[in-house]
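A structural walkthrough
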Amino acid sequence: MRESGFEVLDPWDTDFEISAPEAEKEVWKELNVLGGEKNAKAIESSDGRLAVLDGTDVDSGRASISGYAFAFGEKILDYRGNFRLTGDNPESTVNLQVEYFIRKGGGRIVRSVKELADVLADIFSG
């Protein structure tokens, strides 16, 4: 993404540190709120979202981010190189609601890194 000239917003790119084991629980609670808030703000301020949808099912965090990005009218581009079926039926690539948000918003699910590179500008520059 960076090599293609796009800015990448990563909610886990932070200098937040856990300094003492006894304070760990409260620090993790604070970090969770900060990470969630930073991610929400990044989604709200960006023009689109790119995610990897590999695995046995779409991660719940990725699924919620897709819905949130769709609600803001953002373009969504996803890569799924995994060959396993994870959709609700053989014609869905991933969970039908996630796929609906991606496609309804003008986004795409691509199956190869080459295809990802080929459609990047089409999705995010339009």
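Structure: see above.
Residues numbered from 1 in each chain as written. Predicted model: local features only at pLDDT ≥ 70, side-chain atom pairs only at ≥ 80, totals over all residues. Heavy atoms only, no water.

**Here's the deal with the pairing of strand β2 (residues 75-79)**
Strand residues, when the strand is regular, have side chains that alternate between the two faces of the sheet. Threshold: Note on classification: 1.4 Å probe, protein chains only; a residue is buried when its accessible area is under 20% of the maximum for its type, exposed when over 50%, partly exposed between these limits. A run of H or I in DSSP counts as a helix once it spans at least four residues, and a run of E counts as a strand once it spans at least two, with each numbered from the N terminus. Note: two strands are recorded as paired if DSSP finds a minimum of 2 bridges between them. We call a crossover right-handed when, viewed with both strands directed away from the observer, the connection leading from the first strand over the helix to the second proceeds clockwise.
Among the five residues of β2, four are classified as buried, and the element is accordingly described as predominantly covered. With three bridges joining them, β2 and strand β3 (residues 108-110) adopt parallel strand pairing. When the sheet's bridge partners are listed, Asp-78 is paired in β3 with Ile-109. For the crossover that starts at β2, traverses helix α3 (residues 96-104) and ends in the parallel β3, the hand is right-handed.

**Digging into the packing of helix α1 (residues 24-45) against helix α2 (residues 60-71)**
Counted only if it meets this: Lines fitted to the C-alpha atoms define the axes, with helices restricted to the stretch that makes contact. Angles between their N-to-C directions range from 0 to 180 degrees. Each angle receives one of four descriptions, namely roughly parallel if under 35 degrees, roughly antiparallel if over 145, roughly perpendicular if within 65 to 115, and oblique otherwise. When the near helix sits turned anticlockwise from the far one by under a right angle, the crossing is termed left-handed; a clockwise turn instead gives a right-handed crossing. In what follows, a contact means two residues having at least one pair of non-hydrogen atoms within 4.5 Å. Following the grouping adopted for this structure description, the nonpolar residues are Ala, Val, Leu, Ile, Met, Phe, Trp, Tyr, Cys and Pro, the charged ones are Asp, Glu, Lys and Arg, and the polar ones are all others, Gly among them.
With their axes 9 Å apart at the nearest point, α1 and α2 run at an angle of 40° to one another. As far as their axial angle goes, α2 and α1 are oblique. At the point where α1 passes α2, the crossing takes the right-handed sense. Across the interface between the two elements, Asn-39, Ala-40, Ile-43 and Glu-44 from α1 touch Ile-65, Tyr-68 and Ala-69 from α2. In terms of residue class, the contact of α1 with α2 is built from five nonpolar, one polar and one charged.

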